[in-house]
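What follows is each chain in one-letter form.
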Amino acid sequence: MIIDFHTHIFPPEIIQHRARYCERDPWFGELYANPRASLATAEDLIAEMAISGVDASVTFSFGWSDPGLIEECNSYVLDAVRRYPGRLYGMAVLQPLAGARAERELQRCAEAGMIGLGELMPHGQGYRLCDTHLLTPLMDIVRHYQLLVLSHCSEPVGHLYPGKGDVSVQDVVAFLTAFPEVRFIAAHWGGGLPFYSLMPEIQRITAHVWYDTAATVYLYRDLIVPTVARLVGAERILFASDYGLLRQQRIIKHLQQADLDTQSLAMILGQNARSLLGII
Ligand SMILES: [Zn+2]
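Calculation notes
Residues numbered from 1 in each chain as written. Predicted model: local features only at pLDDT ≥ 70, side-chain atom pairs only at ≥ 80, totals over all residues. Heavy atoms only, no water. Donors = N, O, S within 2.8 Å, 3.2 Å for Na, K, Ca; no water. Helix = DSSP H or I, 4+ residues; strand = E, 2+ residues; numbered from the N terminus. Buried < 20%, exposed > 50% of the residue type's maximum accessible area, 1.4 Å probe, protein only. 1 Å grid on protein atoms, 1.4 Å probe; cavity = no way out; pocket = protein on both sides within 12 Å on 5 of 7 lines; lining within 4 Å. Points joined across faces, edges and corners; volume = space filled by probe spheres on them. Nonpolar A, V, L, I, M, F, W, Y, C, P; charged D, E, K, R; others polar. UniProt positions renumbered as here; feature names shortened; annotations may be inferred.

The protein chain carries the name Amidohydrolase in an unreviewed UniProt entry, which gives Tengunoibacter tsumagoiensis as its organism.

As structure tokens, then:
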């Protein structure tokens, strides 16, 4: 079973009027003003999964600044999950700065069957992942519904790219220290966090952390896959593409060509995700 843990989908009307939304939300504009940055609907994702041999995908929309737009997109994701049961699993995007409105939205999404909160994009929405005071009410809801949390993470060094942001390892560590029991998916290999898990105190606070491979081919040399598997264990790595920005097949091939044993590859491609999602 192959499960992609990080995909983005958008309602067709946003895709049709991309330029208008790029103007409306500067962070969206930074990522998607380039027409080569693909935007996908739920149907595009389902078609992509058929081509790539992916059985299920975790999907979410985008960290808009406007909570109204977020709610509209969450509703679209919820509708897609209902239309493709067992194949799409939704996560709720939120604007934490919206306060009680964000709490209500997370409750609504959790009650409707979403499995988590993500992708958090603190840099694009004007808050920081280390702002634990702001995030505490949302994490209370996360605990109540046993939701997962998936956040964008940024490498503190290296090349700049659209959407890189500044979610530093320090911010992630501050979040994990404040909310140690929350199951946390650190996207894009956690911005380098696996390397610090060699420090015993960091290893301790990353007991409930998984690392996703979203956009890996844009970021690291091939050696990243076996290296992180050795550092944190293959059971902590989740296959993730970042579709529509990247094709699912490209990341699957990348993982298949990595220096991994068969069991580790199977865990990364689907088994780990399966246990996290509670698929029997
Ligand atoms: Zn991301």
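Glancing now at the coordination of the zinc ion. Bound to the zinc ion are the protein donor atoms Glu119 (OE), His152 (ND1) and His188 (NE2), situated 1.9 to 2.2 Å from the metal. Linear spacing of the donor residues for the zinc ion on their chain is E-x32-H-x35-H. Separated by 36 residues along the polypeptide, His152 in the loop between β5 (148-151) and α9 (169-178) and His188 in the loop between β6 (184-186) and α10 (193-196) bring together distant segments of the chain. The pair formed by His152 and His188 is uniform in burial state, with each residue classed as buried.

Our next topic: empty space enclosed by the protein. One pass over the full model with this rule turns up two cavities of 30 Å³ or more. Around the largest cavity sit Pro67, Ile70, Glu71, Leu94, Gln95, Ala98, Arg101, Ala102 and Glu105, which together line it. Looking at the lining of the largest cavity, the elements that each hand over two or more residues are α5 (67-83) and α6 (100-111). Classifying every residue of the lining of the largest cavity by side-chain character gives five nonpolar, one polar and three charged. Approximately 40 Å³ is the volume found for the second largest cavity.

Mapped onto the present numbering, the UniProt feature "domain: Amidohydrolase-related" (unreviewed entry) falls on residues 3-279. Helix makes up 49% of residues 3-279 and strand 12%, with an end-to-end C-alpha separation of 11 Å.

A separate point is the layout of surface pockets. The calculated volume of the largest pocket comes to roughly 490 Å³. Forming the boundary of the largest pocket are 26 residues, of which Leu31, Tyr161, Pro162, Tyr218 and Leu245 lie nearest the centre. Here the lining of the largest pocket takes four residues from helix α3 (residues 26-32), the largest share from any one element. Split by residue class, the lining of the largest pocket holds 13 nonpolar, nine polar and four charged. Approximately 190 Å³ is the volume found for the second largest pocket. Forming the walls of the second largest pocket are 13 residues, and the residues nearest its centre are Glu155, Pro156, Val157, Gly191 and Tyr220. When the residues that make up the lining of the second largest pocket are grouped by side-chain class, the tally is seven nonpolar, four polar and two charged.

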